[in-house]
Amino acid sequence: MPFGQLVFGHPGSGKTTYCNGLAQYLRSIGRKVAIINLDPANDSLPYEAAVDVRTLIDHATCMQEESLGPNGAFLFCLDYLRTNQDWLGDELDRVNPEAYLLFDCPGQVELYTNHDVFRDLITWLQKSANVRLCAVHLVDSLYCRNGPHFISAVLVSLSSMLQLELPHVNVLSKIDLLKNYELDFQLDYYTEVQDLSHLVAQIATDGTIPPRFAKLNTALTDLIDEFPHVGFLTLDIENRDSVKELMTEIDKANGYSFQVYQGKKDTTAQLVATAAATMESHYLDRFQT
């Protein structure tokens, strides 16, 4: 049974850099890795893709031949991929069955928040290809510098969690760049998505957006508080310890830590499983109190 990550996030969040850097890290610790590029517009890959959707359909060609704009072309391309799932299945059959799969996805957030194309692809991957997936949502950590941007990022995270129905890990990427800026609150305020009413009050005083949107901001943060499921991990993709900590959480999310190879448990997996049980208890306590 292959394990993998569905990596998505807004444009510029570092998805392709993440896939490339994570693949290097995983290979360095002895894992076999295959990267699947599902972005039909990504024409400058820094890695060798085991499967590349552009061999099936290309974003630029689609725009030209179908007379579509950029977003419409993305929807067309992914709909075409959904219609041709057998092609993806044939390509995945050629990948090493022991490889850990990294799916590098497009940056259009509507594909994950309100369009059903990725939800259908996920269902197919889980049932037909028997892939154990975890969704990894990357958000540029610089969004923490701007209250409205951060609220928007949390809403996208929450929407995609409900839409995709996968184990979900939200990540503040490029965390190393955040040290060059001063935040209104401590970093854990953002990673734990603490009481956002303080952020709304800060927005009202600093003039970030017009006062007429104050009630809307309050309504949005109240909605987030009603579904307290969003939290963020941090990542510096060039820091090995940071990558290791993130992978520990992702391995627990998609079940990789608990796998059994030919009746013999991996020693590292046993250790992580013990830690996971403790973390799960703390996690449940947080949302039940």
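Just above, that's the structure.
Residues numbered from 1 in each chain as written. Predicted model: local features only at pLDDT ≥ 70, side-chain atom pairs only at ≥ 80, totals over all residues. Heavy atoms only, no water.

J.: Whenever I open this one, the nonpolar core confuses me. Can you help?
T.: A general feature of soluble globular proteins is that nonpolar side chains tend to end up buried together. Phe 103 and Phe 118 are the most contacted members of the largest nonpolar core, which totals 34 residues. Among the elements that take part in this core, helix 6 (residues 117-127) stands out by supplying six residues, more than any other. The residues touching Phe 103, leaving out its near neighbours within four places in the chain, are Gln 5, Leu 6, Val 7, Ile 36, Leu 38, Leu 125 and Leu 133. (Core = buried A, V, L, I, M, F, W, Y, C linked by side-chain atoms within 4.5 Å. Buried < 20%, exposed > 50% of the residue type's maximum accessible area, 1.4 Å probe, protein only. Helix = DSSP H or I, 4+ residues; strand = E, 2+ residues; numbered from the N terminus. Contact = heavy atoms within 4.5 Å.)

J.: Explain helix 10 (residues 214-226) to me, please; I cannot follow it from the model alone.
T.: Taking 1.5 Å as the rise per residue, helix 10 with 13 residues should run 18 Å; its terminal C-alpha atoms sit 19 Å apart, in good agreement. All of the buried residues in helix 10 are Asn 217, Thr 221 and Ile 224. When helix 10 is viewed along its axis, its buried side chains cluster within an angular range of 50 degrees and face the same direction. Exposed positions of helix 10 whose direction lies more than 90 degrees from the buried face are Lys 215 and Glu 226. Looking at the buried residues of helix 10, the elements they touch are helix 7 (147-164) and helix 9 (197-206). (Expected span 1.5 Å × (residues − 1). Arc of directions from axis to C-beta.)

J.: When you look at unusual backbone geometry in this model, what are you seeing that I'm missing?
T.: Note: most peptide bonds trans; most residues except glycine with negative phi. In the Ramachandran plot, Ser 67 falls in the positive-phi region, its phi being about 55 degrees despite a non-glycine side chain. If you trace the backbone, Ser 67 turns up in the loop between helix 2 (59-66) and helix 3 (70-83). Under the relative-accessibility criterion, Ser 67 is labelled exposed at 66%.

J.: Explain the packing of aromatic side chains to me, please; I cannot follow it from the model alone.
T.: Here a ring pair, both rings aromatic, is described through the centre-centre distance and the interplanar angle of the planes. All told, the structure shown has nine aromatic pairs when counted by the stated rule. With 5.9 Å between their ring centres and 50 degrees between their planes, Phe 150 and Phe 232 make a pair best called tilted. Note that Phe 150 is positioned in helix 7 and Phe 232 in the loop between helix 10 and strand 7 (233-234), a separation of 82 residues in sequence. Note on accessibility: Phe 150 and Phe 232 belong to one class, buried. Connected via pairs of aromatic rings, a cluster forms that spans Phe 150, Phe 185, Tyr 189, Tyr 190 and Phe 232. The cationic tip of Arg 31 hangs over the ring face of Tyr 100; the distance from NZ or CZ to the ring centre is 5.3 Å. One cation-aromatic arrangement involves Arg 31 over Tyr 256; the distance from NZ or CZ to the ring centre is 3.9 Å. (Phe/Tyr/Trp six-rings, centres within 6.5 Å; stacked < 30°, edge-to-face > 60°. Lys NZ or Arg CZ within 6 Å of the ring centre and 35° of its normal.)

J.: Explain helix 1 (residues 15-28) here, please?
T.: For the α-helix, the turn length of 3.6 residues means that residues three or four positions removed from each other point alike. Between its terminal C-alpha atoms helix 1 stretches 20 Å, which fits the 20 Å expected from 14 residues at 1.5 Å a residue. All of the buried residues in helix 1 are Lys 15, Thr 16, Tyr 18, Cys 19, Asn 20, Leu 22, Ala 23, Tyr 25 and Leu 26. For helix 1, the elements touching its buried residues are strand 1 (3-9), strand 2 (33-37), strand 4 (100-104), strand 5 (132-140) and helix 11 (240-254). The first or second residue beyond helix 1 is Gly 30, which carries a positive phi of 95 degrees.

J.: Got a minute to help me understand the sheet that holds strand 5 in this structure?
T.: Pairing between the strands of a sheet is mediated by backbone hydrogen bonds and can be parallel or antiparallel. One open sheet holds the seven strands; their spatial order is 3-2-4-1-5-6-7, and the pairing between them is parallel. Each of the sheet's edge strands pairs with one partner strand only, and the pair in question is strand 3 (51-52) and strand 7. By the bridge criterion, two bridges tie strand 2 to strand 3 in an arrangement that is parallel. Along strand 3, the bridge assignment pairs Ile 36 with Val 51. Against the sheet, helix 7 engages strand 1, strand 5 and strand 6 (168-173), with an angle of about 165 degrees to strand 5. (Pairing = 2+ DSSP bridges. Axes fitted to C-alpha atoms, helices over the stretch in contact; angles between N-to-C directions.)

J.: Would you take a moment to explain the environment of Asp 236 for this structure?
T.: As for its position among the elements, Asp 236 is in the loop between strand 7 and helix 11. Look at Asp 236 and you get buried, because its relative accessible area is 16%. Between the C-alpha atom of Asp 236 and that of Leu 172, which follows or precedes it by 64 residues, the distance is 8.9 Å.

J.: What's the story with the environment of Gln 259 in this structure? I'm lost.
T.: Turning to its location among the elements, Gln 259 is positioned in the loop between helix 11 and strand 8 (260-261). Considering only alpha carbons, one finds Gln 259 and Met 1, 258 residues apart in sequence, at a separation of 9.3 Å.

J.: Help me understand the pattern of salt bridges in this model?
T.: Pairs can form between side chains of opposite charge whenever their charged atoms are close. Summed over the entire model, instances satisfying the criterion amount to nine salt bridges. For Asp 251, the salt bridge goes to Arg 31, with nearest N and O atoms at 2.5 Å. Note that Asp 251 is positioned in helix 11 and Arg 31 in the loop between helix 1 and strand 2, a separation of 220 residues in sequence. Taken as a pair, Asp 251 and Arg 31 share a single burial class, namely buried. Among the ionic pairs, Lys 252 bridges to Glu 249, the shortest N-O distance being 3.1 Å. (Salt bridge = Lys/Arg side-chain N within 4 Å of Asp/Glu carboxyl O.)

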